[in-house]
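Now for the letters of each chain:
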Amino acid sequence: MTIELAGVWKTFGEGHTAVNALKDIDLKGPQGEFTVILGPSGSGKTTLLNLVGAIDNATRGRIEVGGTDLAQLGVDEQVRYRRENVGFVFQFFNLIPTLTAAENVELVADLTASDGAARAAEVLAKVGLADRMHHFPAQLSGGEQQRVAIARALVKQPPILLCDEPTGELDFETGRMILQLLQDISREQEQTVLLVTHNSAIGDMADRVLRLRSGEIVDDTHHASPIAAGALTW
């Protein structure tokens, strides 16, 4: 699904206390592109994800996703847009501790399909958790919990995957495995991926790298041959 931002600003607060989190952002990305967004804390990375995911609204400018102008969506339409088009993967796994891995994923699957249990089992197997799906989050490692979170995002089969520091709480080897999983999924299913990180080395696996500073895009680099995530070092 294509993503296009034109003259996008996001301002928090008013008057002399106003803070421009994003300033005049222009961006266009084709379907299936894997984009890594780099920048220090406070540069606007997460704000950009929130706008594309319709979690928040731009102060001004235009955001179109798959030809849909997000500013024209009402509250109910925004909910439908997120449910049908966007999968979210966060730094913190946000799993429900009293539900098994399968139940955590099925909870989301039931929103978009009548065969939620079967879909949950299928996607958990895809992320390598076929033998762990009946375990509770406390019985899973950090990497396994993040794979459950990814399965939860994927079970809707969303055309867009938004990932906010998905490896921030993981050790190096586990983080690299998660990145390889995301890269494989993007290529196999032609999903558009935006992945926010502060780790510049991760940019080597991306089709495109955006660098933000103080709410502005200061560099936009395309990679003709991104490396496999499993070969990353930092």
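Below you will find a few notes about this structure.

Conventions and cut-offs
Residues numbered from 1 in each chain as written. Predicted model: local features only at pLDDT ≥ 70, side-chain atom pairs only at ≥ 80, totals over all residues. Heavy atoms only, no water. Helix = DSSP H or I, 4+ residues; strand = E, 2+ residues; numbered from the N terminus. Rg over C-alpha atoms; globule rule 2.2 N^0.38 Å. Buried < 20%, exposed > 50% of the residue type's maximum accessible area, 1.4 Å probe, protein only. Contact = heavy atoms within 4.5 Å. Areas by Shrake-Rupley, 256 points an atom, 1.4 Å probe, with all protein chains shown as cover. Lys, Arg positive; Asp, Glu negative; His and termini not counted. Charge placed at Lys NZ, Arg CZ, Asp CG, Glu CD. Core = buried A, V, L, I, M, F, W, Y, C linked by side-chain atoms within 4.5 Å. 1 Å grid on protein atoms, 1.4 Å probe; cavity = no way out; pocket = protein on both sides within 12 Å on 5 of 7 lines; lining within 4 Å. Points joined across faces, edges and corners; volume = space filled by probe spheres on them. Nonpolar A, V, L, I, M, F, W, Y, C, P; charged D, E, K, R; others polar. Phe/Tyr/Trp six-rings, centres within 6.5 Å; stacked < 30°, edge-to-face > 60°. Lys NZ or Arg CZ within 6 Å of the ring centre and 35° of its normal. Pairing = 2+ DSSP bridges. Polar contact = N/O pair within 3.5 Å; in protein donor to acceptor, adjacent residues only side chain to side chain. Right-handed = clockwise from strand over helix to strand, strands pointing away.

With respect to the overall build of the protein chain
Thought 1: When helices and strands are counted, the protein chain shows six helices and ten strands.
Thought 2: The C-alpha atoms of the protein chain give a radius of gyration of 18 Å, which matches the 17 Å a tight globule of 234 residues would have.
Thought 3: Seen through its C-alpha atoms, the protein chain measures out along the principal axes to roughly 55 × 45 × 35 Å.
Thought 4: Residue burial in the protein chain is summarised as follows: out of 234 residues, 49% are buried.
Thought 5: When contacts within the protein chain are restricted to residue pairs at least 6 apart in sequence, those whose partners lie at least 24 apart make up 71%.
Thought 6: Summed over all atoms, the accessible surface of the protein chain reaches about 10,800 Å², with 48% contributed by carbon and sulfur.
Thought 7: For the protein chain, the distance from the average position of its 20 positive side-chain charges to the average position of its 31 negative side-chain charges is 2 Å.

A short note on the nonpolar core
Thought 1: The biggest cluster of nonpolar side chains holds 41 residues, and the ones touching the most others in it are Leu124, Ile150 and Leu195.
Thought 2: Contributing elements (two or more residues each) for this core: β3 (34-38), α3 (101-112), α4 (116-126), α5 (142-154), β7 (160-164), α6 (172-189) and β8 (192-197).
Thought 3: Tallying contributions element by element places α5 first for this core, with six residues.
Thought 4: Discounting chain neighbours no more than four positions away, the residues touching Leu195 are Phe34, Thr35, Val36, Ile37, Cys163, Pro166, Leu179, Leu182 and Ile202.

Structural notes on empty space enclosed by the protein
Thought 1: Enumeration over the complete set of coordinates arrives at two cavities of 30 Å³ or more.
Thought 2: In this structure, the largest cavity spans a volume of roughly 70 Å³.
Thought 3: The set of elements that each furnish at least two residues to the lining of the largest cavity consists of β2 (19-29), β8 and β9 (208-213).
Thought 4: Split by residue class, the lining of the largest cavity holds five nonpolar, three polar and two charged.
Thought 5: In this structure, the second largest cavity occupies an estimated 50 Å³ of space.
Thought 6: Along the walls of the second largest cavity sit Thr46, Leu49, Asn50, Ile55, Phe88, Val89, Phe90, Leu162 and Asp164, which together make up its complete lining.
Thought 7: Residue assignment for the lining of the second largest cavity shows that the elements contributing at least two residues are α1 (45-52), β6 (86-90) and β7.
Thought 8: Considering only residue class, the lining of the second largest cavity consists of six nonpolar, two polar and one charged.

Things to note about the packing of aromatic side chains
Thought 1: The tally for this structure, following the rule as stated, stands at two aromatic pairs.
Thought 2: Arranged with centres 4.8 Å apart and planes meeting at 80°, the rings of Phe172 and Trp234 form a pair that is edge-to-face. Here the residue Phe172 occupies a position in helix α6, and Trp234 occupies one in the segment after β10 (216-222), the gap between them amounting to 62 residues.
Thought 3: Note on Trp234: relative accessible area 46%, which makes it partly exposed.
Thought 4: Here Arg60 stacks its cationic end above the ring of Trp9, 4.3 Å away from the centre of that ring.

Here's the deal with the sheet that holds strand β1 (residues 3-12)
Thought 1: Ordered in space as β2-β1-β4-β5, the four strands form an open sheet in which the pairing is antiparallel. Taken across any chain shown, the strands that pair with only one partner, and hence form the sheet edges, are β2 and β5 (68-69).

Remarks on the side chain of Glu33
Thought 1: In this fold, Glu33 is placed in the loop between β2 and β3.
Thought 2: At 3.3 Å, the side chain of Glu33 and the side chain of Arg208 are in polar contact.
Thought 3: Ignoring anything within four residues of it in the chain, the contact list for Glu33 reads Gln191, Thr192, Val193, Asp207, Arg208 and His222.

Section: the pairing of β7
Side chains on a regular strand alternate between the two faces of the sheet.
Thought 1: With five of five residues buried, β7 is to be regarded as a mostly interior element.
Thought 2: The alternating pattern of β7 places Ile160, Leu162 and Asp164 and Leu161 and Cys163 on opposite faces, both of which are buried.
Thought 3: Note that β6 and β7 share five bridges and pair parallel. When the sheet's bridge partners are listed, Phe90 is paired in β7 with Asp164.
Thought 4: Sheet topology places β7 next to β8; five bridges connect them, and they run parallel. What sits directly across from Ile160, in β8, is Thr192.
Thought 5: Of the crossover connections in this fold, the one passing from β7 over α6 to the parallel β8 is right-handed.

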